Amino acid sequence: MTLVKHELKQGRTAFLIWTAAVGGLLAVCVFLFPEMKGEMEGVSDIFSSMGSFTAAFGMDRLNFGTLTGFYAVECGNVLGLGGAFFASLCAVGILSREEKERTAEFLLAHPVSRRRIITEKLAAVLVQVTAMNLIIYAVSVGSIAAVGEEVPWKEINLLHLAYYLLQLELAGICFGISAFMRKGTVGIGLGLAAMMYFLNLVANIAESAEFLKYITPFGFCEGADIVAEGRLDGKMIVIGMVVGLMGVLAAYVKYDGKDIR
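Conventions and cut-offs
Residues numbered from 1 in each chain as written. Predicted model: local features only at pLDDT ≥ 70, side-chain atom pairs only at ≥ 80, totals over all residues. Heavy atoms only, no water. Helix = DSSP H or I, 4+ residues; strand = E, 2+ residues; numbered from the N terminus. Buried < 20%, exposed > 50% of the residue type's maximum accessible area, 1.4 Å probe, protein only. Contact = heavy atoms within 4.5 Å. Areas by Shrake-Rupley, 256 points an atom, 1.4 Å probe, with all protein chains shown as cover. Patch = residues over 30% accessible without salt bridge, like charges linked within 9 Å, V, L, I, M, F, W, Y side chains within 5 Å. Salt bridge = Lys/Arg side-chain N within 4 Å of Asp/Glu carboxyl O. 1 Å grid on protein atoms, 1.4 Å probe; cavity = no way out; pocket = protein on both sides within 12 Å on 5 of 7 lines; lining within 4 Å. Points joined across faces, edges and corners; volume = space filled by probe spheres on them. Nonpolar A, V, L, I, M, F, W, Y, C, P; charged D, E, K, R; others polar. Core = buried A, V, L, I, M, F, W, Y, C linked by side-chain atoms within 4.5 Å.

Draft legend 1. Examining the overall build of the protein more closely. Assigned secondary structure in the protein consists of 12 helices and zero strands. Put simply, the protein runs from its N terminus to its C terminus through helices and strands in the order α-α-α-α-α-α-α-α-α-α-α-α. Across the 261 residues in the protein, those meeting the buried criterion constitute 48%. Sequence separation of 24 or more characterises 76% of the internal contacts of the protein that already satisfy a separation of 6 or more. Looking at the protein as shown, the accessible area adds up to about 12500 Å², and 64% of this sits on carbon and sulfur atoms.

Okay, here's the thing in structure tokens:
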């Protein structure tokens, strides 16, 4: 567990900054809801007539006058993008860090197998992503209770679970990418997360592009679908988890035989 502790220490600053930023923005959104609640009915009518724009974010199927509708769109976008960026950032450079920082000789000279190195680095990523989601979940529930609203437990739990699974999938993909890189770059991870987000917007706008929902993990995090149906899309989640696991498997295969400089 020494390597896990080392990676957690290395990523402590980024973890605190991203958790505070995402959690703070979610709290601000929730605290704004009581002030805007009375005006949301008119806003829902306006959004429902804006065509492709509302379809892209699922706003034509949600009532902004309710906490669940407001939370699914406003807080969902904050949690979706913020969480996706953080998960990708954690994983995309973690296996290439030794080469980039020229510490490979020190690490690989120890009596530790490469598979153990991969496993402990993967564990560090999972710990950070899980810890961030637990803290943000507590902040969200606490904020809702603080403004005097009844917590819609089912919807909140489903939304947060969906975004946690999204982050795990992206982390798995970026972890696999990390094994193929010599010098880690945050641009690849952040770019991948942003691309997946925009693919989902395209899938929402164009019926001919609905198949993209099976490619991007944002497809099973659609707030309008979760609130309306009261469940997650099991088929999309299975596909996403398989893709994430394939990324992890690729990391084991590549890194175990990699010629590390």
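Here the narrative resumes.
Draft legend 2. View of a nonpolar patch on the surface. There is a patch of nonpolar side chains on the surface, built from Tyr 214, Ile 239 and Val 243 and spanning about 220 Å² of accessible area. By secondary structure assignment, the location of Tyr 214 is in the loop between α10 (186-205) and α11 (223-229).

Draft legend 3. Up close: the pattern of salt bridges. If you walk through the whole model with that rule in mind, you get four salt bridges. A salt bridge links Glu 120 to Arg 116, with the shortest nitrogen-to-oxygen separation between them at 2.9 Å. In this pair, Glu 120 and Arg 116 both sit in helix α8 (residues 114-146), four residues apart, roughly one turn of the helix. When the shortest N-O distance is used, the salt bridge between Arg 231 and Glu 229 registers 3.6 Å.

Draft legend 4. Quick look at empty space enclosed by the protein. All chains considered together, the criterion is met by two cavities of 30 Å³ or more. Roughly 30 Å³ of volume is contained in the second largest cavity. A per-class count over the lining of the second largest cavity returns six nonpolar, two polar and two charged.

Draft legend 5. Local environment of the nonpolar core. Leu 95, Leu 166 and Phe 175 are the most contacted members of the largest nonpolar core, which totals 63 residues. In terms of residue count, the dominant contributor to this core is helix α5 (residues 67-92) (14 residues).

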